[in-house]
Amino acid sequence: MVDSSINWILIKEYKDILFTFCKGISKIEINRPKCHNAFRSETVNEMIDAIDICYKRMDIDVLIITGSGNKSFCSGGDQKTRDKGGYLGKDGIPRLNILDFYKKIRELPKPVIAMVNGFSIGGGHVLHVVCDLTIASDNAIFSQIGPKVGSFDGGFGSSYLARHIGQKRAREMWFLCKKYTANEALNMGLINKVVPLKDLENVTIKWCKIIQKRSPMALRMIKRCLNAELDGQHGIMQLAGDATLMFYLMDESIEGKKAFLEKRNPNFKKFPKFL
């Protein structure tokens, strides 16, 4: 049963995705069910545009990423559009722009929840891995298939995956390309929760509402801290940027700015030191 209090409102119209909003929660839904919600270059461009809107809108607290229907979350890149060098856009240029979307998920200073409703395969599997949390329906299937189709993900799809489930399991997923049930994924630490398909959106919304009660700055900082190690200098830069933001909100920083504008020496002595 769908939560009757949730009335999704369209934020912006796209061709390949549905981008909606309700009560501080936003949802990006890949809307290509005829090809198991596989993404093409245009799909990814639309998702990048949508997540940029999520970044800028102050009334969005949490983002859900999911797929249309009840069979597939995302089956990865649409192999019909794959060419040498990447996936062909309408302009005829091959791209691997899904990597840019993965980075956008990491960079968004708000929690991102993958709501996995069915198959999470290949690049679609990496998509849920890079999200902050994953809630899956009991019919969900997880698999990496890159080596079966002449592909691989040497970034988050391998290194971050190994942080979730360990090196041996990650190698098993990539080398054997096995399929794993939702309960198997839960037991290996790949996802956070398994629920009946009919309850998937309700439970995800409940988690979103809990998150909305938490300190936005604390959530932002803990996401940055958890990302910083794996994201190298880029992750450290983002963490440092948010630390600067927090300092700018403090009276000690404001005193420095005021003193400069008032052409006087700042009085930093009035601020306490902490051990």
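Residues numbered from 1 in each chain as written. Predicted model: local features only at pLDDT ≥ 70, side-chain atom pairs only at ≥ 80, totals over all residues. Heavy atoms only, no water.

A.B. asks: Just checking my understanding: could you explain the overall build of the protein chain for this structure?
C.D. replies: In terms of regular secondary structure, the protein chain is built from 10 helices and 14 strands. Its C-alpha atoms give the protein chain a radius of gyration of 21 Å, within 12% of the compact-globule value 19 Å for 275 residues. Its C-alpha atoms put the protein chain at 65 × 45 × 45 Å along the principal axes. The 275 residues of the protein chain split such that 46% are buried. Of the contacts made within the protein chain by residues no fewer than 6 positions apart, 65% connect residues no fewer than 24 positions apart. Here the protein chain has roughly 14700 Å² of accessible surface; of this, 59% comes from carbon and sulfur atoms. The distance from the centre of the 42 positive side-chain charges to the centre of the 29 negative ones in the protein chain is 2 Å. (Helix = DSSP H or I, 4+ residues; strand = E, 2+ residues; numbered from the N terminus. Rg over C-alpha atoms; globule rule 2.2 N^0.38 Å. Buried < 20%, exposed > 50% of the residue type's maximum accessible area, 1.4 Å probe, protein only. Contact = heavy atoms within 4.5 Å. Areas by Shrake-Rupley, 256 points an atom, 1.4 Å probe, with all protein chains shown as cover. Lys, Arg positive; Asp, Glu negative; His and termini not counted. Charge placed at Lys NZ, Arg CZ, Asp CG, Glu CD.)

A.B. asks: What is the right way to read the environment of proline 196 from this model?
C.D. replies: Of note, proline 196 is situated in the loop between strand 14 (193–195) and helix 7 (200–212). Taking relative accessible area as the criterion, proline 196 reaches 35% and is therefore assigned partly exposed. Along the sequence, proline 196 and alanine 140 sit 56 residues apart, while their C-alpha atoms lie 9.9 Å from each other.

A.B. asks: Honestly, the sheet that holds strand 10 (residues 119–121) in this entry has me stumped. Any pointers?
C.D. replies: In a beta sheet, neighbouring strands are held together by backbone hydrogen bonds and run either parallel or antiparallel to one another. If you trace the four strands from one edge of the open sheet to the other, you get 5-10-12-13, paired in mixed fashion. Two strands close off the open sheet at either side, each with one partner strand: strand 5 (72–74) and strand 13 (180–181). Inspection of the sheet shows strand 10 paired to strand 12 (residues 141–143) by three bridges, in the parallel sense. For isoleucine 121, the partnering residue across the bridge sits in strand 12 and is serine 143. The strands that helix 3 (residues 123–130) touches are strand 5, strand 10 and strand 12; relative to strand 10, the one it contacts most, it runs at about 95 degrees. (Pairing = 2+ DSSP bridges. Axes fitted to C-alpha atoms, helices over the stretch in contact; angles between N-to-C directions.)

A.B. asks: Could you clarify how one ought to interpret the nonpolar core in this entry?
C.D. replies: Considering soluble globular proteins, one finds that nonpolar side chains tend to be buried as a cluster. Core analysis: the biggest nonpolar cluster contains 48 residues, and Ile65, Phe101, Ile105, Leu127, Phe142 and Leu190 have the highest contact counts within it. Examining the composition of this core, we find that six residues originate from one element, helix 1 (residues 41–56), more than from any other. Counting residues in hydrophobic clusters, the runner-up holds 14 residues, among them Val62, Met115, Val203 and Ile211. (Core = buried A, V, L, I, M, F, W, Y, C linked by side-chain atoms within 4.5 Å.)

A.B. asks: Can you walk me through a nonpolar patch on the surface in this structure?
C.D. replies: On the surface, Phe247, Tyr248 and Met250 cluster together into a nonpolar patch covering about 320 Å² of accessible area. By the element assignment, methionine 250 lies in the loop between helix 9 (232–248) and helix 10 (251–261). Exposure remark for methionine 250: the relative accessible area of 41% places this residue in the partly exposed category. (Patch = residues over 30% accessible without salt bridge, like charges linked within 9 Å, V, L, I, M, F, W, Y side chains within 5 Å. Salt bridge = Lys/Arg side-chain N within 4 Å of Asp/Glu carboxyl O.)

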